[in-house]
Amino acid sequence: MTTPLLQVRGLVREFGHGPGLVRAVDDVSFDVMPGEALGLVGESGSGKSTTARCVLRLIEPTAGEVRLDGQDMLALKGPALRRLRSTAQLVFQDPYSSLNPRMTVADIIAEGIRIHRPRESSSTVQDEVVELLELVGLRPDHLTRKPAAFSGGERQRIGIARALALKPKLLVCDEPVASLDVSIQAQILNLFAELMDRLDLTLVYIAHDLSTVRHLCGRIAVMQDGTIREIGTREQIYEDPQHEYTRALMAAVPEPDPRSERAKLTARRSAQPTGASRP
Amino acid sequence: MSTQARPDTSAPADVGSAMLSVRDLTVTFPSAEGPIRAVNGMSFDVRPRERLGIVGESGSGKSVTAQALLGLTPREHTTGSIVFEGEDLLTAPQDRLRALRGWDISYVFQDPLSALDPTRTIGHQVAQPLLLRKVPKKEAHRRAIEMLGEVGIPDPARRARNYPHQFSGGMRQRVMIAMALIGQPRLVIADEPTTALDVRVQAKIIDLLYRLTDEQGVAVVFITHDLGILAGLAERVIVMYAGRVMEECSTDELYYRSIHPYTLGLLESLPRITGPVPERLVTIGGGPPAPSRLPTGCPFHPRCQYVQPECRTTPPPLEVPPGGEHPSACLRAEWLAERPGELR
């Protein structure tokens, strides 16, 4: 029996205090096995991004346990924590605000390597950066350019190359295609699938809708109000959803099929009395 | 008011029952690299109570088109004609446009946070179109509360006293819609009104727009990058690419019998929630061109899997191909019309 790469137990994160106290993450537990892609799906305010950031310890959890690659993520500090952090990297949602506009692509990708392996020769770093660029489908002549010269999709590829620079085992992706054009979204989703294959990567993929994760993730957790409502395999979630909330999310996903969409619209309209203003 | 006398300019003969008739709309912005043609010869009609979808990716010119419809693009850079109920908006005086905007034609912006004034209450902002038209304050406020209720804001009388930061994204978007509707417009232009909203909120906004057209006879032009959203709402769809119309037809024609390679590619690349999960999503290679660096010939040819040599030099006209049912700007439209929708 293989051990999970990531084990989360009883994770809690609170914000504020007194009467304004909010439990953004409320007793969340899940495992991620090596080589799998877990989808974390929920609407805004469901706690999915806070969960991901707690797992990477970008924000400190209030309570709970996070084990990454067999080590207690929350007990470590200093150099030991830094070493463990290279095991798990984050791909951000917004490819515009997450790249420093003053740095060249080469520097953006190499930054992590320089921090974690300060004695590495610059030619080795350069070779690795070129390799990373090719891995994500960019060209070596892109290296000296700055983020402004790239489209959203290309920027997201740069962000992915940066995340891969430290050879992580786990990639946490926070809605990485949400702000991209439709025709580019599919390219990036394919890239993730390809990278998982080639690099034996494990993925935690955060999304607000159920359609993108379906292609990438073998297992899906549906979050609402800080808790996991339902977790299961792709087949279980899409073919036999147990929780009412999962079913509601599923019903609301618009599909490019006018006949079924019109049927859904009619069903919604007959479920809700029209015209009446609410009290 | 909407009832005031309109200068009755002679409408083109082909308008028929259209309330809005756009002909050869072209918007060109000057830039250091030379003029950028954001919209290139758009023509379309909107009939009363119609739901028209305009779909396109970034740089397709869809938002500039929307702005032009409200007379918000600089006139010296806008050519063609936009005739709304017999009146050309591109030659109408500015004060006439001001009278029309927010009243006969209104606009729902993409980003509700930057479009709302953070220092004024929600109620005041929703009432503003009425206040500007000298409706008494009390009456305007009463109607604002009523309208907030209409768009599904719970406890509208209390929430009208709130400020934008006290509202969630979905609620702000509904406020924008309330603002757009309070003047009882006959045409609503909605530019990506559901982008960045959760799917359940998105569905509610769609339902609301549907109800408007169905029950109040308002026409809606819905602009988006997402073909999924248009499927249930739109009756007719225009697909834009690089400032041009690529395909135009009824919604069912488009989704089931498209005869344009770009539309087919867009439909194919959408991840779906039902049906088999493919090993890889089919993609359109490359990305949409920047309006400043448009390719020669057909603007889509560098990404097209059915490209032929003449596509690189000859811009395809938008026309109904022999054997086809609707217009498609593709040199191979006739070939595609023999197998409509099959290539998805």
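Residues numbered from 1 in each chain as written. Chains lettered and ligands numbered in written order. Predicted model: local features only at pLDDT ≥ 70, side-chain atom pairs only at ≥ 80, totals over all residues. Heavy atoms only, no water.

Draft legend 1. Local environment of the overall build of chain B. Per the secondary structure count, chain B includes twelve helices and ten strands. Computed over its C-alpha atoms, the radius of gyration of chain B comes to 21 Å, within 12% of the 20 Å expected for a compact globule of 344 residues. Each principal axis of the C-alpha distribution contributes one length, and for chain B these read about 65 × 50 × 40 Å. With 344 residues in all, chain B has 57% of them scored as buried. Counting contacts in chain B only where the partners sit at least 6 residues apart, residues at least 24 apart contribute 64% of the total. With an accessible surface of roughly 14300 Å², chain B has 52% of that area assigned to carbon and sulfur atoms. The distance from the centre of the 38 positive side-chain charges to the centre of the 39 negative ones in chain B is 8 Å. (Helix = DSSP H or I, 4+ residues; strand = E, 2+ residues; numbered from the N terminus. Rg over C-alpha atoms; globule rule 2.2 N^0.38 Å. Buried < 20%, exposed > 50% of the residue type's maximum accessible area, 1.4 Å probe, protein only. Contact = heavy atoms within 4.5 Å. Areas by Shrake-Rupley, 256 points an atom, 1.4 Å probe, with all protein chains shown as cover. Lys, Arg positive; Asp, Glu negative; His and termini not counted. Charge placed at Lys NZ, Arg CZ, Asp CG, Glu CD.)

Draft legend 2. Highlighting the overall build of chain A. Tallying secondary structure elements over chain A gives ten helices and ten strands in all. Its C-alpha atoms put chain A at 70 × 45 × 40 Å along the principal axes. The buried share of chain A, taken over its 279 residues, is 52%. Here the analysis covers contacts within chain A between residues at least 6 apart in sequence; of these, 64% occur between residues at least 24 apart. Surface exposure of chain A reaches about 12700 Å², of which carbon and sulfur atoms provide 49%. Within chain A, one finds 35 positive and 36 negative side-chain charges whose respective centroids are separated by 4 Å.

Draft legend 3. Layout of the sheet that holds strand E5 (residues 71-72) of chain A. Residues and elements named next belong to chain A. If you trace the four strands from one edge of the open sheet to the other, you get E2-E1-E4-E5, paired in antiparallel fashion. The sheet is open, and its two borders are formed by strand E2 (22-32) and E5, each paired with just one other strand. The strands touched by helix H1 (residues 48-55) within the sheet are strand E1 (6-15), E2 and strand E4 (63-68), with E1 carrying the most contacts at an inclination of about 115°. (Pairing = 2+ DSSP bridges. Axes fitted to C-alpha atoms, helices over the stretch in contact; angles between N-to-C directions.)

Draft legend 4. Spotlight on the packing of aromatic side chains. For the coordinates displayed, the defined rule picks out six aromatic pairs over all chains. Ring centres of Tyr241(B) and Phe300(B) lie 5.3 Å apart, and the angle between their planes is 85°; this geometry places the pair in the edge-to-face category. Placement of Tyr241(B) in strand E9 (residues 236-241) and of Phe300(B) in the loop between helix H11 (261-269) and helix H12 (333-337) is noted, with a sequence separation of 59 residues between them. Exposure class is identical for Tyr241(B) and Phe300(B). Each is buried. Ring pairs connect the aromatic residues Tyr241(B), Tyr262(B) and Phe300(B), which therefore count as one cluster. Sitting above the plane of the Tyr256(B) ring, Arg259(A) keeps its charged end 4.0 Å from the centroid. Geometry around Trp335(B) places Arg332(B) over its ring, the cationic atom sitting 4.2 Å from the centre. (Phe/Tyr/Trp six-rings, centres within 6.5 Å; stacked < 30°, edge-to-face > 60°. Lys NZ or Arg CZ within 6 Å of the ring centre and 35° of its normal.)

Draft legend 5. Geometry of the sheet that holds strand E4 (residues 78-84) of chain B. All names here are of chain B. On the basis of which strands lie adjacent, the open sheet formed by four strands has the order E2-E1-E4-E5 and antiparallel pairing. The outermost strands of the open sheet, each flanked by one partner alone, are strand E2 (36-46) and strand E5 (87-88). Sheet topology places strand E1 (residues 20-29) next to E2; seven bridges connect them, and they run antiparallel. Its bridge partner being in E2, Thr28 is matched across the sheet by Arg37.

Draft legend 6. Inspection of the domain arrangement of chain B at higher detail. All names here are of chain B. Domain annotation for chain B reports domain 1 (31-240) and domain 2 (242-337). Using C-alpha coordinates to define each centre, domain 1 is positioned 28 Å away from domain 2. Each side of the interface is counted separately: domain 1 has 25 residues, and domain 2 has 21 residues. When residues of domain 1 are sorted by the area they lose upon contact with domain 2, Glu57, Leu227 and Val239 head the list and together hold 31% of the total. The interface formed by domain 1 and domain 2 holds two salt bridges in total. (Domains from an automatic or database assignment. Buried area = accessible area lost by both parts, 1.4 Å probe. Salt bridge = Lys/Arg side-chain N within 4 Å of Asp/Glu carboxyl O.)

Draft legend 7. Molecular detail of the packing of helix H3 (residues 105-116) of chain A against helix H4 (residues 122-135) of chain A. All names here are of chain A. Axis separation between H3 and H4 bottoms out at 10 Å; the angle between their running directions is 120°. When the axes of H3 and H4 are compared, the crossing they make is right-handed. Listed contacts from H4 to Val105, Ala106, Ile109, Ala110, Ile113 and Arg114 of H3 are Val125, Glu128, Val129, Leu132 and Leu133. Partitioning the contact of H3 with H4 into residue classes produces nine nonpolar, no polar and two charged. (Left-handed = near helix turned anticlockwise from the far one by under 90°. Nonpolar A, V, L, I, M, F, W, Y, C, P; charged D, E, K, R; others polar.)

Draft legend 8. Spatial organisation of the side chain of Ser106(B). All names here are of chain B. Locating Ser106 in the fold gives a position in strand E6 (residues 105-108). At 2.6 Å, the side chain of Ser106 and the backbone oxygen of Ala180 are in polar contact. Residues within four places of Ser106 in sequence aside, it is in contact with Ala180, Pro185, Leu187, Val188 and Ile189. (Polar contact = N/O pair within 3.5 Å; in protein donor to acceptor, adjacent residues only side chain to side chain.)

Draft legend 9. Molecular detail of the interface of chain B and chain A. Each side of the interface is counted separately: chain B has 51 residues, and chain A has 42 residues. Buried surface at the junction of chain B and chain A, summed over both partners, amounts to about 4300 Å²; 54% is from carbon and sulfur atoms. Three residues stand out in chain B for area buried against chain A, namely Val199(B), Arg200(B) and Ile273(B), and they jointly supply 17% of the buried area on that side. At the boundary of chain B and chain A, one finds five salt bridges. Linking chain B to chain A there are 19 residue pairs in polar contact (both at pLDDT 80 or more). Breaking the side of chain B that touches chain A down by element, the ones donating at least two residues are helix H5 (137-150), helix H8 (199-216), helix H9 (227-233), helix H10 (251-257) and H11 of chain B.

Draft legend 10. A look at the nonpolar core. Counting 64 residues, the largest nonpolar core has Val126(B), Leu148(B), Val175(B), Phe222(B), Leu227(B), Tyr255(B) and Tyr262(B) as the members making the most contacts within it. A domain split of this core shows at least three residues from each of domain 1 (31-240) and domain 2 (242-337) of chain B. Discounting residues that sit within four places of it in the chain, Leu227(B) has contacts with Pro256(A), Val55(B), Leu254(B), Tyr255(B), Leu266(B), Leu267(B) and Leu270(B). Core analysis: the second largest hydrophobic core is formed by 59 residues, Val125(A), Leu138(A), Leu210(A) and Ile273(B) among them. (Core = buried A, V, L, I, M, F, W, Y, C linked by side-chain atoms within 4.5 Å.)

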